[in-house]
Every structure is written in structure tokens, then in C-alpha cells.
Amino acid sequence: MILIENVAVATVDAAGTEHGDGHVVIGDDGRIVAVGAGHAGRYHGPLRRIDGTGCLVTPGLINTHHHLYQWATRGLALDDTLFGWLTTLYPIWGRLDAEVVGAAAGAGLGWLALSGCTTSMDHHYVFPRDGGDVLEAEIEAARGIGLRFHPTRGSMDLSRKDGGLPPDNIVEDTDAALAATEAAIDRWHDPAPDAMLQIAVAPCSPFSVTSKLMSEAAVLARRKGVRLHTHLAETDDEEDFCRERFGCTPVEYAERLGWLGDDVWLAHGVHLDDSAIARLGETGTGVAHCPSSNARLGAGTARVRELLDHSVPVGLGVDGAASQEASHLGSELRQALFTARLRGGPKAMTAREALAIGTMGGARCLGRQHDLGSLERGKLADLVMWRLDGLGHEGIDDKVAALVFGPPATVELALVGGRPVVERGALVNADEAALTRAARRAHRRLMKKSD
Ligand SMILES: [Zn+2]
């Protein structure tokens, strides 16, 4: 068992319960035994006691949108729109292989853990023919770090010759993509409540995927009981593409294809009109909000206040490391808060709403709200203890405000199912220097191959 005491606690439960001086007790089954004010009761048996003085415990952050492979192609097309950036990067991504993806995923997931993330999804949609088993490579990387992992089997089947954006050599055949997606679910997906690994179905975007693949992917996911994810309503260019090709908005297009529902979460949702927001709310369709990526690509600012007011499940995402070089989930709390306020003024989002999006909102997007996202008795012990008594935070008495408004906080401890993945700002299960070296080698190898 683990007992954390003398610590501020923000549970992010439905009532927003917080304790200025509280405790969390974690059982051997990796679930929370108790959380409350003051000292914990007496417990027998082997016990690790942790003094949380100067720290705040929150649920672990949940990353709802990422492309881990992009860690190998950071810092390129720095001043481009999404479509310009993609057109530059597609040819490089066409040379990906399992070794590059494994190294990039190790770096990206290690960095996420250090930024307070305990569960991450990944959206992988590039499967070069001779690239080996890239999905297996990133799953192994996640196991090496110790994070809970929700990789999605992505796909693209609409290339330039058919009016799409990607080059012909990096798309798959429609039926082959569907078969590979089903095989990935059969091989990897664990439906258990305490699963460390779950698969979702994730065709890439309206401008890189045919309507047939979109609609059949939805049928497949529902037959298998797994979730659906895609990019939607990210840029004006995408809106123009949908209006010209399908005669409707991206959300109307998604609805036509069976892509709205409480088993779907969409990346971005930046360009949504009032009726689209209402439909997402009515159908329980989630949105992965990626404010730093949207800013980096100049894509726009999502209407998060309105999404929350319509009860849309909103989670936070760092998005791929090539369109958001920082990829630091802890910092996205602040970025989300500031983005909402730039749109709607200082009342548009509170620090606690930002924290709730990054935790419970993410759990809802991934369908894990019964086991993750808040600190409550019986839930999985995925939590982060943030150090807030150093120069950067000391003097901000409201600990949640210190975390969200202040500079990125050091992760004193991060637990996934009660198992430590970060302690005193360092990875427990992996060597940061080795991850860095592997990522450097992967980047150099990929760029060399691309010459
Ligand atoms: Zn993305």
C-alpha cells in the first residue's frame, strides 16, 4: 500500500472536493482505498508512507490526442498552415519504420510522463509497406515507460490522385486498412476496467480518408465495442474541402457517416458553428482540445466555453510533436485557460475547469470515466503529486491556481494503477538520457533516408 499525507488534494470529483491538508491511500490492487482531509486512518501490513508537504495531488492528466511518431520530425515547416505543413512532412513520414516509431514513442511518452500525464492515446495513421510493425513498436515503448496507453489504429486511403491531400505512396487500400484495424483490436484491445492498453479505430481526416472507409470504420468499431477517433473541424481549409466535395460542414459530414455518438471523440473541433456544437452536445460526442497545436499552426481558437456549456466531453491533447514541439501536457492546462480567455474574457474558463478538462474530461473522451479522471474511493490510482513550494510557485496560496497559472510544475510523484512512473522529476522505469539518444538517432536516420 501507499499512503500520501500532509498534502493538498484536488479530487476533481463531481462536487469539486478539495482538501488543503489531506491524504490519499492506495491499495495493493492499484485502486484508491481512501481520500480525505487530515491524516489517514491506521493501516496494517507493508506500507510506503510519502510526505506530500509543499505538494498538490491531482488525478493524472490524460492526453486525448497525439501522434507520437512525429517526435522524429520536430522543428520543420515552422511557419506553415496545416495543409502546407502536411504537404512538407508526408514524404518524410512515408519512410517511417518500427525502429523510428519506437524511439519517437519512447521519447514522446517519457516526456508526457514527466509533464504529469498518466494515460495517453496515440493516433497513428502512417503504415509504410516495408515499415514493420509500427503499432507494436509504440505499444512496447509505452510499456517501457509505464503509462496507460490508448493507441488508435489510424488509416488513410484518399490520396492525391483521388482528390485527397497525401501522396499516393503513404495511403493504404481501404479493405486492407479495415482488416489491419480489426486485427489490431483482436490482438491488443483489453476491455477490462483496469486495462493498461485499449485500441480505438481512427481514420485520419476528411481530406485523407474516403467516405467508405469512414463509415465502415464506424461499423467495425461498434461491432467490436471499441471507440472511434478522427480529426475534425481543425482548419478553414478543411471546411472549404468539405463544402466543395460533400456540400456540407465537417460535422454534418461526420453525422452522415455515423460518426457522432458517445463512443466518438474528435480532435480539434476548432471551426464549429452553433448548430454543430449543439449536435456534439446532444450526441455526447467528445472533443480533444489541442490549444498549443492550434496556435502553432494558426488554425484558430476552439469554442471551448460553448462546448462545455453544451455538456460536450472536452479533453486536452498535446497533438503531434511536429505541430507542437513542446508536447508538454502540464503546460496545456495553462494554454487552454489562456486560449479560452483570449476568446471569451477572464470568465471564460477557471483554473479548476482547466484541470477538469485535463483529467475527467479526458477520461470521458476515452470512455474511462468510471475508473479514471478523479480521485475517489475505488477508482484506479492514477495520480500526480506536483511540487509547488519552489521559487516558481511559492506564495500562490491557491494550489490549483499555482499549478494552472504558474510555470510548469515538477512532478514529484506520478502513479499509474498505484505503480510509480515518475519520482522527483525523473522517470522510474526508463532512462531519460537513453530515450534522448534513441530519439536523436531516429531523427537523423529518418532525415537521411528522406534526402
Ligand atoms: Zn492530430
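This text follows the structure it describes.
Below, the structure is looked at part by part. Residue numbering note: each chain is counted from 1, following its sequence as written. Local features in a predicted model are, by the rule used here, given only for residues with pLDDT of at least 70; side-chain atom pairs are given and counted only at 80 or more, and totals for whole chains, interfaces and linings are based on all residues. Working from all heavy atoms in the structure, the side-chain values ignore hydrogens and water.

1. Here we look at the nonpolar core
Put simply, a nonpolar core is a bunch of buried Ala, Val, Leu, Ile, Met, Phe, Trp, Tyr and Cys residues held in one set by side-chain atoms that sit within 4.5 Å of each other. Categorising residues by exposure relies on relative accessible area from a 1.4 Å probe, with only protein chains included: less than 20% of the type maximum marks a residue as buried, more than 50% marks it as exposed, and the intermediate range marks it as partly exposed. Counting 126 residues, the largest nonpolar core has Trp85, Trp93, Leu109, Leu147 and Trp259 as the members making the most contacts within it. Per element, the largest residue contribution to this core is ten residues, and it comes from helix H2 (residues 98-114). Core analysis: the second largest hydrophobic core is formed by 16 residues, Ile2, Ile32, Val57 and Leu415 among them. Helix and strand definitions follow DSSP, with helices as H or I runs of at least four residues and strands as E runs of at least two, each counted in order from the N terminus.

2. Remarks on the environment of Pro408
For Pro408, the position within the fold is in the loop between helix H13 (399-405) and strand S15 (410-416). Setting aside residues no more than four positions away along its own chain, Pro408 makes contact with His328, Ser331 and His393. Any two residues whose heavy atoms approach within 4.5 Å are treated as being in contact.

3. Details of the pattern of salt bridges
Each reported salt bridge corresponds to a side-chain nitrogen of Lys or Arg within 4 Å of a carboxyl oxygen of Asp or Glu. Here the structure, examined in full by the defined rule, presents 29 salt bridges. Of the charged contacts in the structure, one is a salt bridge between Lys224 and Glu182, with a shortest N-O distance of 3.4 Å. Of the two residues, Lys224 sits in helix H5 (residues 211-224) while Glu182 sits in helix H4 (residues 174-188), which places them 42 residues apart along the sequence.

4. As for the state of the cysteines
Throughout, a disulfide means two cysteine sulfur atoms within 2.5 Å of one another. Enumeration according to the criterion identifies zero disulfides in this entry. This cysteine, Cys242, is not joined by any disulfide, and Cys248 carries the nearest cysteine sulfur, 6.4 Å off. Note on Cys242: relative accessible area 0%, which makes it buried. Take Cys290: it sits in no disulfide, and the sulfur closest to it among the cysteines is that of Cys365, at 9.9 Å. Judged by its relative accessible area of 0%, Cys290 is buried.

5. What to know about the coordination of the zinc ion
Listed donors are limited to N, O and S atoms within 2.8 Å of the metal, widened to 3.2 Å for Na, K and Ca; water is not among them, so incomplete-looking sites are possible. Distances from the zinc ion to its protein donors, namely His65 (NE2), His67 (NE2), His231 (NE2) and Asp319 (OD), fall within the range 2.1 to 2.5 Å. Here the donor residues of the zinc ion share one chain and are spaced in sequence as H-x1-H-x163-H-x87-D. Residue His67 is located in the loop between strand S6 (61-63) and helix H1 (82-93), and its partner His231 is located in strand S10 (residues 227-232); the two are separated by 164 residues in the primary sequence. Taking relative accessible area as the criterion, His67 reaches 2% and is therefore assigned buried. Residue classification places His231 among the buried positions, given a relative accessible area of 7%.

6. Describing a positive patch on the surface
Patch rule: a residue counts if its relative accessible area is over 30% and it has no salt bridge; like charges are joined within 9 Å, and nonpolar side chains (Val, Leu, Ile, Met, Phe, Trp, Tyr) within 5 Å. Accessibility throughout is a Shrake-Rupley quantity obtained with a 1.4 Å probe, and a residue counts as covered only by protein chains that appear here. In this count, Lys and Arg are taken as positive residues and Asp and Glu as negative ones, while His and the chain termini are left out. Every charge is mapped onto a representative atom, which is NZ of Lys, CZ of Arg, CG of Asp or CD of Glu. A cluster of like positive charges, contributed by Arg437, Arg440, Arg441 and Arg444, occupies part of the molecular surface. Among the structural elements, Arg444 can be located in helix H14 (residues 432-450). Given a relative accessible area of 58%, Arg444 falls into the exposed group.

7. Here's the deal with the packing of aromatic side chains
For Phe, Tyr and Trp, rings pair up if their centres lie within 6.5 Å, where Trp contributes its six-membered ring, and each pair is then called stacked (planes under 30 degrees apart), edge-to-face (over 60) or tilted (otherwise). Within this structure, the stated rule accounts for nine aromatic pairs. Between the aromatic rings of Tyr69 and Trp93, the centroid separation amounts to 5.1 Å while the plane-to-plane angle is 90 degrees, which identifies the pairing as edge-to-face. Note that Tyr69 is positioned in the loop between S6 and H1 and Trp93 in helix H1, a separation of 24 residues in sequence. Summarising the burial analysis for this pair, Tyr69 and Trp93 share the class buried. Among the aromatic residues, those joined into a cluster by ring pairs are Tyr69, Trp85, Tyr90, Trp93 and Tyr125. Here, a charge over a ring means that NZ of Lys or CZ of Arg falls within 6 Å of the ring centre while also lying within 35 degrees of the ring normal. Geometry around Trp71 places Arg74 over its ring, the cationic atom sitting 3.8 Å from the centre. The residue whose ring lies beneath Arg153 is Phe127, and the NZ or CZ to ring-centre distance is 3.5 Å.

In short, geometric facts, not functional conclusions.
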